[in-house]
Amino acid sequence: SIRFHISILITTTYITLLTDSLSLFRTMNTTTMPLRSPLRLFGLLLVGLFMAAVPATATATATATEYAGDWVLKIAYTGLETGQPTTVPMPQSEQSPVMISVQKKETDDSTTNRYGVSIQVSNQFRTSMDILPSTNNNNNDDMDAIDMSGPLMSTRMMPPPAMREMELLVSTTIPTMTQINLLDDGTLELKGPDTIFLCQPVEAARKEE
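The paragraphs below set out a description of the structure included in this document.

Conventions used here
- Residues numbered from 1 in each chain as written.
- Predicted model: local features only at pLDDT ≥ 70, side-chain atom pairs only at ≥ 80, totals over all residues.
- Heavy atoms only, no water.
- Phe/Tyr/Trp six-rings, centres within 6.5 Å; stacked < 30°, edge-to-face > 60°.
- Helix = DSSP H or I, 4+ residues; strand = E, 2+ residues; numbered from the N terminus.
- Buried < 20%, exposed > 50% of the residue type's maximum accessible area, 1.4 Å probe, protein only.
- Lys NZ or Arg CZ within 6 Å of the ring centre and 35° of its normal.
- Arc of directions from axis to C-beta.
- Contact = heavy atoms within 4.5 Å.

### Details of the packing of aromatic side chains
Taken as a whole, this structure holds one aromatic pair when the rule is applied. The interplanar angle of 70 degrees and the centroid separation of 6.3 Å between the aromatic rings of Tyr 67 and Tyr 115 together place this pair among those described as edge-to-face. One end of the pair, Tyr 67, is in the loop between α2 (36-65) and β1 (69-78); the other, Tyr 115, is in strand β4 (residues 113-120), with 48 residues separating them in the sequence. For Tyr 67, a relative accessible area of 2% puts it in the buried group. Across from the ring centre of Tyr 115, 5.6 Å away, lies the NZ or CZ of Lys 104, which sits over that ring.

Dropping the structure here:
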């Protein structure tokens with residue numbers, strides 16, 4: 001992933017800088033080089049460390065918020081486990097399209113990266129989504145591992161016939177979603193063992209109408 005390669009680049013650059021600096025210290029003749037030169041070199045090392053930390057911090061901040069927003073479900077696939085995925089027809093209804101709202105949530109634990117997720121079909125479904133450490137992403141650096149297995153709450157109105165299949169799909173698959181990704185074209189991808197949801201930002205979906 002981009003974040004992984006940036007981290008590697010920063011780490012490699014700083015290690016190279018540190019190695020070169022140590023070599024210079026070893027070969028330095030203190031009788032011919034004034035004291036201010038090693039002090040100046042040490043100052044440059046501190047500046048390099050600070051500059052390396054700035055993009056890393058910015059990347060972490062961007063990662064924490066990139067999934068937040070309002071999305072329209074455009075394509076849903078099921079049947080991944082059978083190796084024969086099929087497209088689920090989007091509901092043909094006078095109601096609004098299937099909407100997914102993802103909002104960052106504050107938690108008492110600073111290490112927890114949590115979002116609140118709301119899905120509006122006919123009924124409204126609510127749950128939470130935790131972004132898990134990268135060690136849980138099944139060696140897929142392009143996707144973040146997630147946990148959505150918490151309680152899925154919903155309103156309990158009788159959906160119209162055109163919305164029933166989609167409501168069943170949402171209620172049974174959202175708790176099984178294990179990966180999330182933001183594609184290059186801005187599409188939000190939610191993936192589970194048997195299902196993929198592809199969602200567009202609301203603004204982009206409106207332009208297509």
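### Structural notes on helix α3 (residues 161-173)
Listed as buried for α3 are Met 163, Met 166, Glu 167, Leu 169, Val 170 and Thr 173. For α3, the arc enclosing every buried residue in end-on projection is 160 degrees, short of the 170-degree limit, so these residues lie on one face. Turned more than 90 degrees away from the buried face of α3, the exposed residues are Pro 161, Glu 165 and Leu 168. Where α3 is buried, its residues contact β1, β2 (86-88), β4, β5 (124-131) and β10 (195-201).

Everything listed here is a matter of coordinates, which is why it stays silent on function.
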